[in-house]
Amino acid sequence: MELYKHQNIKIYNSLTGEKDNFKPINEGYIGMYVCGPTVYSNVHLGNVRTFMSFDVIFRYLKHLGFKVRYVRNITDAGHLENDADVGEDKITKKARLEEIEPMEVVQRYTVDFHNILNTFNFLPPSIEPTATGHIIEQIELIKTIIDNGFAYEVNGSVYFDVHKYDETNNYGVLSKRKLEDLIHNTRALDGQSDKKNPQDFALWKKAEPTHIMRWPSPWSDGFPGWHLECTAMSTKYLGDQFDIHGGGMDLKFPHHECEIAQNQAALGKSPVNYWMHANMLELNGQRMSKSTGNTVNPDELLSGNNKFFSKAYTPSVIRFFVAQSSYRSILDLTDDGLLASEKGYNRLMDGVNQLDHLKASKTSTLDIATWKQKCYDAMNDDFNTPIVIANLFEAVKYINQIKEGSATLNATDLEYLKTTIHAFVYDILGLKNDKTEAGAGTDKLSGAVQLLIKLRQEARVNKDFALSDQIRDELAEAGIQLKDGKDGTTFTTN
Ligand SMILES: [Zn+2]
């Protein structure tokens, strides 16, 4: 029987402001949509944190046996402008290749995005649709919203009529804002806008001559408003109503509020049952921002080539660091925090590496079934990864007790302990084992090191300590540590 039938999941729902019991629309199936990146620049570390949170959620739901369709879009229909002086520069006119080709930009940053996510061991989503691939769907959606009386056209652009919508619906249902307050707090525009009201948002924008990305529509040659693509793609692949919609906290308003309004206006339904928002990532207690220079990109963090951190950190250490906070908390990226996480990660992996050396006993003195359920309970409680990690450290304690002989497990319990640790560390938290990867990944290395261990042993028997020390020291220089214990010599890699 599927694991999920035994687990009661609660999800903090931004719509209700509470932890709600999770019940999918169709039993056993989950539709999940997460707003993806805009691929006009390198992916921001804050976005990586958001996507990492949803990667763990996706992994857990799959682990429980749900059939999850996870849709994460690529925003590629952007607002790229060609700032070359139109008509004046003949060279630019002639040299097509010297102009910006938008899809070349899109391709470059999409590849960058995928590389970063692969480095961090993300699972790919089930579908990764692009905004430019869904222009027809977006135009159809606009037509429906106009037909239903919630949008109007002015000078080739189409705007969503927020005031009209709010008469029969609640604009602000997600972000808990009130339209009156929004009106009060919006400064009057300088009169250049075609909008009836400043709160209205664009569904279609007529393209200026400098705007490169443009498509024909019933209203003008132009491009869709940003909020629209997510409504078009989420309903296309997940239906008019689906289970989970996620994104960064900064998308709650206006982006997600507008998505709800578009769905209600077009289809008469609230699209999503559980709205989830991942919190922000800060750097040394302050907002990351390019303009203040308080920012580090994923590459710089991984290479150590930056002014904020004392060293390079592996993708798994960074994943571990992120998982040590709830996705709903602000996460402060600091060198001390990462160093502490690295220590914790190493301690955990040392424990994991001991698992295969543990011997089963006739009886168990530890309650593994209860411990195992505590790991699930933590994830069931709004995907509380810090508590999962606390439970994994509890298991490291068990491992050490078993090793020392102060606790025992029978064969069944030992197997439970092993499979549960592996499931949570590798499948759910998505960590890789840096400490054995080089060795365990290639049996050849392991074989070669074993041979050197044997030669060193022979040297010691022959009292050739110069040679035995040389073998140990040169291996250490190559990043392979030998450890002499009462059961012989073992090695670790770093
Ligand atoms: Zn979106």
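Model, not experiment: these values are computed from the prediction.

(A) The arrangement of the overall build of the protein in detail. For the protein, the helix and strand inventory stands at 17 helices and 15 strands. Considering only C-alpha atoms, the protein reaches an extent of 90 × 60 × 35 Å along its principal axes. Here the protein holds 494 residues, and the buried ones make up 36% of them. Taking as baseline every contact in the protein between residues at least 6 positions apart, the subset at least 24 positions apart corresponds to 74%.

(B) Geometry of helix α11 (residues 335–354). Helix length check: α11 (20 residues) gives 29 Å between terminal C-alpha atoms against 28 Å at 1.5 Å per residue, within 8%. For α11, the set of buried residues is Leu338, Ser341, Tyr345, Leu348, Met349, Gly351 and Val352. Projected down its long axis, α11 shows its buried positions confined to an angular sector of 150°, all on one face. Exposed side chains of α11 directed beyond 90 degrees from the buried face belong to Asp336 and Lys343.

(C) A look at the sheet that holds strand β12 (residues 286–287). Spatially, β12-β11-β13 is the arrangement adopted by the three strands of the open sheet, whose pairing is mixed. Single-partner strands in this sheet number two, and they are β12 and β13 (331–333).

(D) Examining unusual backbone geometry more closely. Note that the residue after phenylalanine 253, namely proline 254, is joined by a cis bond; omega there is 0°. You will see that phenylalanine 383, though not glycine, has its phi angle at about 55°, which is positive. Tracing the backbone through its elements, the reader meets phenylalanine 383 in the loop between α12 (368–380) and α13 (385–404). Looking at phenylalanine 383, the number of C-beta atoms within 10 Å reads 25, which means it is buried.

(E) Summary view of the domain arrangement of the protein. Per the domain assignment, the segments of the protein are domain 1 (3–278), domain 2 (313–432) and domain 3 (436–493). Measuring from the centre of the C-alpha atoms in domain 1 to the corresponding centre in domain 2 gives 36 Å. In this assembly, 20 residues from domain 1 lie in contact with 20 residues from domain 2. Looking at the side of domain 1 that touches domain 2 element by element, the count peaks at nine residues for helix α1 (residues 45–63). When the residues that make up the side of domain 1 that touches domain 2 are grouped by side-chain class, the tally is nine nonpolar, six polar and five charged.

(F) Broad picture of the nonpolar core. Membership of the largest hydrophobic core comes to 108 residues, with the highest contact counts inside it found for Ile142, Ile145, Ala151, Phe160 and Leu203. No other element matches the 10 residues that α1 contributes to this core. Among the domains, domain 1 (3–278) and domain 2 (313–432) are the pair contributing at least three residues each to this core. Look past the residues within four positions of isoleucine 142 in its chain and what remains in contact with it is Ala151, Val158, Leu203 and Trp204.

(G) Highlighting the packing of α1 against helix α14 (residues 411–428). Where α1 contacts α14, the axes come no closer than 9 Å and their chain directions differ by 135°. Looking at the two axes, α1 sits oblique to α14. Contacts between α1 and α14 pair Val56, Arg59, Tyr60 and His63 from the former with Ala423, Asp427 and Ile428 from the latter. Here the residues of the contact of α1 with α14 sort into four nonpolar, one polar and two charged.

(H) Layout of the packing of helix α7 (residues 226–238) against helix α8 (residues 252–267). Their axes nearest at 9 Å, the elements α7 and α8 cross at an angle of 55°. As judged from the angle between their axes, α7 and α8 are oblique. Taken as a pair, α7 and α8 cross one another with a handedness that is right-handed. Taken together, the residues of α8 that come into contact with α7 (itself represented by His227, Leu228, Cys230 and Thr231) are His255, Cys258, Glu259, Gln262 and Asn263. The residue inventory of the contact of α7 with α8, partitioned by class, reads three nonpolar, five polar and one charged.

(I) View of α8. Helix length check: α8, at 16 residues, gives a terminal C-alpha distance of 21 Å against a target of 22 Å (1.5 Å per residue), a fit within 8%. Taken residue by residue, α8 has His256, Glu257, Cys258, Glu259, Ile260, Ala261, Gln262, Asn263, Gln264, Ala265 and Ala266 as its buried positions. A positive backbone phi angle near 70° is found at glycine 268, which sits one or two residues after α8.

(J) Spotlight on the environment of threonine 144. Position of threonine 144 among the secondary structure elements: in helix α4 (residues 135–147). For threonine 144, a count of 14 C-beta atoms within 10 Å translates into the label partly exposed. The sequence separation of threonine 144 and alanine 265 amounts to 121 residues, and the corresponding C-alpha distance is 8.3 Å.

(K) Molecular detail of the UniProt feature "short sequence motif: 'HIGH' region" (unreviewed entry) in the protein. What UniProt calls "short sequence motif: 'HIGH' region" (unreviewed entry) maps, in this numbering, to residues 37–47. Its end C-alpha atoms 8 Å apart, residues 37–47 is made of 27% helix and 0% strand.

(L) Summary view of the environment of serine 303. Looking at the element boundaries, serine 303 is found in helix α9 (residues 298–303). As for serine 303 and lysine 176, which are separated by 127 residues in sequence, their C-alpha atoms are 42 Å apart.

(M) Here's a closer look at the confidence of the model for the protein. Residues with a pLDDT of 70 or more make up 92% of the protein, whose mean pLDDT is 91. Taken as a whole, residues 84–93 scores under 50 in pLDDT and shows seven contacts with residues more than four places along the chain or in a different chain. This stretch, residues 437–441, has a pLDDT under 50; its non-local contacts, to residues over four places away or in other chains, come to six contacts.

Calculation notes
Residues numbered from 1 in each chain as written. Predicted model: local features only at pLDDT ≥ 70, side-chain atom pairs only at ≥ 80, totals over all residues. Helix = DSSP H or I, 4+ residues; strand = E, 2+ residues; numbered from the N terminus. Buried ≥ 20, exposed ≤ 12 C-beta atoms within 10 Å, placed from the backbone. Contact = placed C-beta atoms within 7 Å. Expected span 1.5 Å × (residues − 1). Arc of directions from axis to C-beta. Pairing = 2+ DSSP bridges. Domains from an automatic or database assignment. Nonpolar A, V, L, I, M, F, W, Y, C, P; charged D, E, K, R; others polar. Core = buried A, V, L, I, M, F, W, Y, C linked by C-beta atoms within 7 Å. Axes fitted to C-alpha atoms, helices over the stretch in contact; angles between N-to-C directions. Parallel < 35°, antiparallel > 145°, perpendicular 65-115°, else oblique. Left-handed = near helix turned anticlockwise from the far one by under 90°. UniProt positions renumbered as here; feature names shortened; annotations may be inferred. pLDDT = per-residue confidence, 0-100.

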